[in-house]
Amino acid sequence: MEIEKILQGQKDFFKTQQTKNIAFRKMYLEKLRNLLIANEDMLYEAINKDFGKSKFDTFTTEISFLLKDIDYYLKNLKSLSKPKKVGTNLVNQLGSSKIYSDPLGCILVIGAWNYPYQLSLSPLIAAIAAGNCCILKPSEIAENTMMAMATIINENFPSDYLYVYEGGIDETTALLHLKFDKIFFTGSTKVGKIIYKAAAEHLTPVVLELGGKSPAIVTKEANLEVAAKRIVWGKFLNAGQTCVAPDYVLLEESIQEQFMEMLRKYIKEFKYEPDSEQYTRIINRKNFQRLIHLIHPENVYFGGHFDEEKLYIEPTILNNSDWNEDIMQEEIFGPILPVISFQSFNSALNSILELEKPLAAYLFTNNAEEKELFTRKLSFGGGCINDTVMHLSNDNLPFGGVGNSGIGNYHGKFGFETFSHQKSVLEKTTWGEPNIKYPPYSEKKLSWIKRFL
Ligand code: NAD
């Protein structure tokens, strides 16, 4: 079916007001929940075909995430949607003021391939919860997962409510010519700029969930075993193809040897081997080629092996990297971890301040002053102290970037707000109003108003 017709169908359906009904939203959220469970095996199979992601990783980082999202909205939808009573200022007495969370209308979600289910369906779930219709365009790069989502949604939901539009750049470009009420995009900063420009033509608001170079700082005050274990996990999960993966490590010089050994130990312990079914592959040859050209053999401390047939790149640690090297010029988005040493904590923070604002930042230390400096001085989307990646699993924290790493946020109540308009309504009584605001004006009225305001 032509996409213009689908969107028009959604616009007409939205006007019927049915999506504003809380029971309607809950019914469809429950339906999606049941479908995700019933089709779990198909979802595992599709993602495994796309880039060898294991069942364990797919459940923990994708499916369970979506089920948690749905459960959150099923539980909290009533209170989230309830009009919020707020105070009324003196000049509007005797009146009352409320904020209504209004659905926006028709949403366009454009997904990325690296967590294809989570990044496409989590915004769609929040859009449903907030009472919208939605067209989802997943990433064509993870083709099998795109088809799996299209099967689940298009075969079970009316297209004038929810629809998965399969396609690549041409199809996305066609979608961007249409007028949506909000565009939610996850992907690279480069494409984010294309989306933002196209949205401006229609004055469509956007959420841009982008990437960047997210640092992990390790100081001599850290619990080094914990730091190494959590950095290795956060970096090599999904073979480094995670938007919030630690991109590089900034390491205090005095602990360099000791810490590098620990990184090596945990990589070995986690058994990320060429034939392991638990270690994800690189998504395609283009990214594989891009990544292996970033490995300069003279810098390899650990790893560095790869197998193009299997699209396997061994977890690789680069020692004594330099800010000027090519690996430090762009987001790595693969299983290569450069380590740069620093002498003073402040100089490490200053180096980060020289770069674009990252999507995430991580600090490993037990020193209160370092924690305080890190949170106060740096600007980043979100992050952790003494962990990596896990901040995005807490629905009480908004998830999104800042500056080059994005605009807007979602998860939990923030997702609901992202897909709602906060509509203000002041209700006045029809009595008890002094006449002084109405013409004809006089000096006397002005002097009263001056005193009053
Ligand atoms: P991408 O920008 O190449 O593609 C994202 C989407 O945009 C896809 O659906 C694709 O079809 C579409 N697209 C690509 N080129 C386009 C064009 N010229 N015009 C219109 N649409 C186009 O990103 P990707 O490779 O899928 O994902 C990797 C990037 O996404 C990394 O930078 C990563 O950090 C970022 N990312 C961010 C988050 C987050 O939540 N902030 C999550 C995952 C990935």
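Residues numbered from 1 in each chain as written. Predicted model: local features only at pLDDT ≥ 70, side-chain atom pairs only at ≥ 80, totals over all residues. Heavy atoms only, no water.

- If you look the protein chain up in an unreviewed UniProt entry, it shows as Aldehyde dehydrogenase from Chryseobacterium rhizosphaerae.
- According to its UniProt record, the protein chain has this under Sequence similarities (unreviewed entry): "Belongs to the aldehyde dehydrogenase family." (UniProt positions renumbered as here; feature names shortened; annotations may be inferred.)

Some words on the site of the ligand
And then number 1: Near the ligand, the surroundings consist of 26 residues, among which K137, E140, S188, L210 and E331 are the closest.
And then number 2: Bound to the protein, the ligand loses 89% of the 850 Å² it would expose on its own.
And then number 3: Where the shell around the ligand is concerned, the elements lending two or more residues are α7 (169-176), β6 (182-186) and α8 (189-201).
And then number 4: Taken together, the residues that form the shell around the ligand break down as 14 nonpolar, eight polar and four charged.
And then number 5: Of the domains in this structure, domain 1 (2-210 + 405-425) and domain 2 (215-400) are the two that each give at least three residues to the shell around the ligand. (Near = heavy atom within 4 Å. Areas by Shrake-Rupley, 256 points an atom, 1.4 Å probe, with all protein chains shown as cover. Helix = DSSP H or I, 4+ residues; strand = E, 2+ residues; numbered from the N terminus. Nonpolar A, V, L, I, M, F, W, Y, C, P; charged D, E, K, R; others polar. Domains from an automatic or database assignment.)

Quick word on the packing of helix α4 (residues 55-81) against helix α5 (residues 116-129)
And then number 1: Contact pair α4 / α5: the axes reach a minimum separation of 9 Å and the direction vectors enclose 5°. As far as their axial angle goes, α5 and α4 are roughly parallel. Of the residues in α5, those touching α4 at T58, T61, E62, I63, F65, L66, D69, I70, Y73 and L77 are P116, Y117, Q118, L121, S122, I125, A126 and A129.
And then number 2: Grouping the amino acids of the contact of α4 with α5 by side-chain chemistry returns twelve nonpolar, four polar and two charged. (Axes fitted to C-alpha atoms, helices over the stretch in contact; angles between N-to-C directions. Parallel < 35°, antiparallel > 145°, perpendicular 65-115°, else oblique. Contact = heavy atoms within 4.5 Å.)

Considering the sheet that holds strand β1 (residues 84-86)
Whenever strands of a sheet pair, they do so through backbone hydrogen bonds, lying parallel or antiparallel.
And then number 1: On the basis of which strands lie adjacent, the open sheet formed by three strands has the order β1-β2-β18 and antiparallel pairing. Each having just a single partner strand, β1 and β18 (420-428) make up the two edges of the open sheet. With direction set aside, neighbouring strand axes in the sheet form an average angle of 30°. (Pairing = 2+ DSSP bridges.)

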